[in-house]
Amino acid sequence: MGDPDVLEMVQEEERRAGSEERFFEVSEQDLSSRESSFLISEEPRSAKRYNLFLRRRLMFKKDEQSKDSIFFRDGIRQIDFVLSYVDDIKKEAELKAERRKEFEQNLRKTGLELEIEDKMNSEDGKTYFVKIHAPWEVLVTYAEVLGIKMPIKESDIPRADKIPFSCMLGPLKLPRNVKHPHAEYFTAQFTRHRQELFLIEDESSFFPSSSRNRIVYYILSRCPFGIEDGKKRFGIERLLNSHTYSSAFPLHDGQYWKPSEPPNPVNERYTLCQNWARFSYFYKEQPFNLIRDYYGEKIGIYFVFLGFYTEMLFFAAIVGLACFIYGLLSMHDNSSSTEICDPEIGGQIIMCPLCDVMCDYWRLNSTCLASKFSHLFDNESTVFFAIFMGIWVTLFLEFWKQRQARLEYEWDLVDFEEEQQQLQLRPEFEAMCTHRKINAVTKEMEPYLPLCSRIPWYFLSGATVTLWMSLVIACMVAVIVYRLSVFATFASFMESEASLKHVRSFLTPQITTSLTGSCLNFIVILILNFFYERISAWITKMEIPRTHQEYESSLTLKMFLFQFVNFYSSCFYVAFFKGKFVGYPGKYTYLFNVWRSEECDPGGCLVELTTQLTIIMTGKQVFGNIKEAIYPFVLNWWRRRKARTNSEKLYSRWEQDHDLETFGSLGLFYEYLETVIQFGFVTLFVASFPLAPLLALLNNIIEIRVDAWKLTTQYRRPVAAKAHSIGVWQDILYGMAVLSVATNAFIVAFTSDMIPRLVYYYAYSKNAIQPMKGYVNNSLSIFLIADFPNHTVPSEKRDFTTCRYRDYRNPPDHEDKYFHSMQYWHVLAAKMTFIIIMEHVVFLMKFLLAWMIPDVPKDVVERIKREKLMTVKILHDFELNKLKENLRMNSSDFAKHLIIQENKVHLAKSAT
């Protein structure tokens, strides 16, 4: 679309009595074509209209024009889009100038109006600005092409705003004129031949600015600029990539810190900044309708999703905090930590060395603080919270489907077809294709790329993703090697240094190694993520995806797979592998036959998993918010500093926006990716860290306002785009929800100490009054020091003959010494039984809830039916009245014609 050479415009002038409107008819074949565009012919306007335009233009002097104006110099035509470029002194300067000339000529042929600002009028003295205005004829033509719905009658369906206890939520509400800036209307797809049907009060404001910039960008992305290397080249994106133009963007309504002055329209940017982008409004609801009107449905639905997810996190955070408080209050009553901290019990238990030669024997009570800390997250409420989160995630996804269905109705997306935008051919795909074939559905010729041309890139793409995922695993192994190699150093150093005597009780070698290893792992994650983002975007472009939807889906799959492995691999290792394949004293397993495998704390690996999760999750959120807030702010400040003055009041609206950061076509993609990765931390490992929902809730409250602030104040206005859902991210969330049930069941069974305690309580305890007394001693096996191999025994001699280690194995005096005891198999059977029962219970409840909760609420179904009925009735009445009017006109014409014929007959008779 937008190609003057492809498009044939059939133009007919339809005149009625007393009507001055012009309609342009396009053949049905052109209307359905995806590759051609509607062009408004450059027929000279009437002399009267042209003279009026000149008189108005002369009324405005450029020097007196407001610097915040969003109009052409005539003060009448609104600027819908801006292109900028700088003179190039390199060898391609002439080629770029020729491209621009051809491109701008073709834009004028489509009916767009252009006005160029010379570089001498720009603040930096070297940037040209091309201002673009879409006149009414272009807007109505492309509104029909894009299937934009416009109002035909004010709706008689009352808003569904009333919710239970709404009077108590008054402080959270926004003013009504901000929450609902416009009345509700019945709508229909716009058509040029039924303009009388639509509520057109003012042609200049009938189409909102988001629809106007969407239409202009649609033309820009398909307008050709010449033939190079035997191929037709077109699209603003290609011109931006070749630096023919330096930027292309729609204008903001005005300055964000003050309302617009006449004749500018209402400054929605200022309204958003005052009611949405202020951090003091963190407790307020979001103005979703205003966001949709200003930025389009695609960005609007992201903020609806983020807001809904944050609201649901509130309930998970309350339950998680209650579980944490329960662990805090019951800490002193925990028999396991009491026994470990008791000098007469834990102080008398000698543990085997944690590394070969350099590590010494140690007493169990040295882990007293760690055992108490472990109880905060490993207590009776852990199982309850794991099951609760399995139900919570199901409720979240089912209620989100309902919220999404309600949003589709409210935003006129019920009949929205993805083909209108996401399934359109990418200009890059059309440019690369040399073959054409008939589309089986449309029966039209369309660009086609043979599979054999794509296969090499698919192989390269798969190999690249596999290589980088392998690199993540290699980096994780490197961090494990670091922890193994420095553990002995930390242990010997902390033992020898007298100055560290006071910190040994809470900063043990295990905790020190775990903290430094987690921090190092987080740094590695950020570095790998930085490089992979750029490589994955390049690889996806080389695959030459056919549509925008295919491009986003391909990039989403690559980025999510990598980030899943990158962020979660270390947590999976600690939860399911660390300490599980250690062996036993005298027969330890070794990594690469050099480093002895890591052991868990006597209380289990849950504390380390909690530490790992906290550092990665919190670090990622803090780093992400700082990056999102500081990075664009610093860049914008630097651009203003490089100009002749950094005062924004002194240069024009298009220059102000030009100096802002670009949001980019993938800006929203990374916002979704960040939210989904956080969702994984909240659900996949929540059994080990019940405070994860609370941290996510606090982060999202800040995230919403940071995103709003940067989008409103620090970024150029993005091109509006439509979307009726969060797309492929919803499928990813469903997959993670199912996986979370299994991971939390395995964490409770294998990482937590819950199941061994229950087995001891019901099967091995001999104390009826205090059933858990003696559990610590029961969970530790005995090893004879004399059985240590010479190359692993500590260098210093000791006067004791045995040491203890965490496992269920037979003692040295048993005929099957050091083999797993019967209790080990009992515990293992209990763990597997627990996993099966928990998974089946949670999955059963998930399926029941999904079946009970309808995808579309009943009241929304009724509203959709009512609106469809009313729309059909309005269209029927309009066509019926139009038919009656035409019949009246035809009958009067027929009567006149009959009278004339009769008069002719009479005249003929009188003449004879």
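Structure: above.
Figured I'd write up the structure that's included with this text. Everything quoted here is computed from the prediction, not taken from an experiment. (Residues numbered from 1 in each chain as written. Predicted model: local features only at pLDDT ≥ 70, side-chain atom pairs only at ≥ 80, totals over all residues. Heavy atoms only, no water.)

### Brief notes about the sheet that holds strand E2 (residues 113-117)
Link 1 in the chain: Reading across the sheet, the four strands line up as E2-E3-E1-E8 and stay open at both edges, with antiparallel pairing between neighbours. Each edge of the open sheet is held by one strand with a lone partner, namely E2 and strand E8 (247-249). Within the sheet, the average angular offset between the axes of one strand and its neighbour, ignoring direction, is 15°.
Link 2 in the chain: With six bridges joining them, strand E1 (residues 81-86) and strand E3 (residues 127-133) adopt antiparallel strand pairing. Counted as the bridge partner of Phe81 is Ile132 from E3. (Pairing = 2+ DSSP bridges. Helix = DSSP H or I, 4+ residues; strand = E, 2+ residues; numbered from the N terminus. Axes fitted to C-alpha atoms, helices over the stretch in contact; angles between N-to-C directions.)

### Describing the nonpolar core
Link 1 in the chain: Counting residues in each nonpolar core, the largest one holds 120 residues, and the members touching the most others are Trp276, Trp392, Phe396 and Tyr568.
Link 2 in the chain: The element that contributes the greatest number of residues to this core is helix H11 (residues 297-329), accounting for 16 residues.
Link 3 in the chain: Setting aside its immediate chain neighbours within four residues, Trp392 contacts Tyr309, Met312, Leu313, Ala316, Phe679 and Thr683.
Link 4 in the chain: In this structure, Trp136, Leu146, Ala188 and Tyr218 belong to the second largest nonpolar core, which totals 46 residues. (Core = buried A, V, L, I, M, F, W, Y, C linked by side-chain atoms within 4.5 Å. Buried < 20%, exposed > 50% of the residue type's maximum accessible area, 1.4 Å probe, protein only. Contact = heavy atoms within 4.5 Å.)

### Quick word on the pattern of salt bridges
Link 1 in the chain: Tallied over the full model, the rule gives 37 salt bridges.
Link 2 in the chain: The partner of Arg73 in a salt bridge is Glu117, and the shortest N-O contact between them spans 3.5 Å. Of the two residues, Arg73 is situated in the loop between helix H2 (47-58) and E1 and Glu117 in strand E2; the sequence distance between them amounts to 44 residues. The pair formed by Arg73 and Glu117 is uniform in burial state, with each residue classed as buried.
Link 3 in the chain: The salt bridge partner of Arg77 is Asp74, with a shortest N-O separation of 2.6 Å. Summarising the burial analysis for this pair, Arg77 and Asp74 share the class buried.
Link 4 in the chain: A single network of salt bridges, built from pairs that share partners, joins Arg73, Glu115, Glu117 and Lys131. (Salt bridge = Lys/Arg side-chain N within 4 Å of Asp/Glu carboxyl O.)

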